Amino acid sequence: MAQVSSISNEQSSTAKSITLKISRFNPEHDESSQFMEFNVKYEKWTTVLEAILDVKKHFDHSVAVRYSCRQATCGSCGMIINGKPRLACFTKISELDSNVVTVEPMNNFPVIRDLAVKFEKLFDSHQKIKPYLIRDDTELVSDEKEFLQTPEEVEQYIQFANCIKCGLCNSACPTMATDSSFVGPQALAQAYRYVADSRDKGKDSRLKMIDDSHGIWRCHFAGSCSQVCPKGVDPAMGIQLLRGYMLGFRS
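Residue positions are given per chain, counting from 1 as you read along its sequence in written order. Local features in this predicted model are restricted to residues whose pLDDT is 70 or higher, and side-chain atom pairs enter the listing and the counts only when it is 80 or higher, whereas totals over whole chains, interfaces and linings include all residues. Computation of side-chain values: all heavy atoms of the structure, hydrogens and water removed.

The name an unreviewed UniProt entry gives the chain is succinate dehydrogenase, with Nitrosopumilus oxyclinae as the organism. UniProt positions are given in the numbering used here, feature names are shortened, and annotations may be inferred rather than shown by experiment. We quote the UniProt Sequence similarities (unreviewed entry) comment for the chain here in full: "Belongs to the succinate dehydrogenase/fumarate reductase iron-sulfur protein family." Word for word, the UniProt comment on the chain under Pathway (unreviewed entry) is "Carbohydrate metabolism; tricarboxylic acid cycle."

Right, here's the structure in full:
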């Protein structure tokens, strides 16, 4: 385990210090991962992502991390922080209540390098459930220009529309750790989002897609996915409601 001295420039006198442990692994060259330790100063508003970027700026430019918006909208900076899947830009160091912050790549995803993982399977699964409204009529062939909904109809699916595809739910899912073919909570929750939308007419085709041994019936309802979502989406509830459609309890 490598250790590096602290950052010592342009920090205020009120700044505190933590040990930031970053998992380093390049699958093209390394047999296993190892941690590098950095002593990083932080203020009460400093996020884990800012600390990682400080390390890249002052110590090691080669640390691989994916990020973009820095405001918990793009879903790019998901990682394991002190053992829990979180968004690095949404997690303040002061809220972790620990003198040591450990960051690792998300579970259940192939590692590209260090903290960056591959999202191809998540995006493929998301695409397979047809994440768009399916209708026979459109504004191009009909006089109807809009599809009105009541507030009650919107309430049925709106929280699931907040998904930012960060992958944290899939990372927390114990079923994905044992079944690489499992479609995952992210895709299942999005399947429910469209099945529950009164404007959509593709319910039967979507239910047929997930009615599989590696589909909805593979979920063990551990609930881990819902505990880690940074946007308040409840994939576990969506999956259970989706099962209601499958079993004929909902229509």
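On we go from here.
Caption draft 1: Layout of the domain arrangement of the chain. An automatic or database domain assignment supplies the residue ranges for each domain. In terms of domains, the chain is made up of domain 1 (17–117) and domain 2 (119–247). Between domain 1 and domain 2, the C-alpha centre-to-centre distance is 29 Å. Note: buried area is the sum, over both parts, of the accessible area (probe 1.4 Å) each one loses when the two are combined. Both sides of the domain 1 and domain 2 interface together cover about 1,200 Å² of buried area, and 63% of this is carbon and sulfur. Of all residues in domain 1, Pro85, Asn108 and Phe109 give up the largest surface area on contact with domain 2, accounting jointly for 42% of the area buried on that side. Only one rule defines a salt bridge in this text: a Lys or Arg side-chain nitrogen within 4 Å of an Asp or Glu carboxyl oxygen. Counting every contact that joins domain 1 to domain 2 gives zero salt bridges.

Caption draft 2: A look at helix H3 (residues 120–128). Exposed residues in this analysis have more than 50% of their type's maximum accessible area, buried residues have under 20%, and partly exposed residues fall in between, with area computed by a 1.4 Å probe over protein chains only. Numbered from the N terminus, helices here are DSSP runs of H or I no shorter than four residues, and strands are runs of E no shorter than two. Listed in full, the buried residues belonging to H3 are Leu122, Ser125 and His126. Considered in projection along H3, the buried side chains sweep an arc of 100 degrees and stay on one side of the axis. Along H3, the residues that are exposed and aim more than 90 degrees away from the buried face are Glu120, Gln127 and Lys128. Whether two residues are in contact is decided by their heavy atoms, any of which lying within 4.5 Å being enough. Elements that come into contact with the buried residues of H3 comprise helix H5 (168–172) and helix H7 (185–195). Trailing H3 by a residue or two, Lys130 shows a phi angle of about 55 degrees, which is positive. Here, the arc refers to the directions that run from the helix axis to the C-beta atoms.

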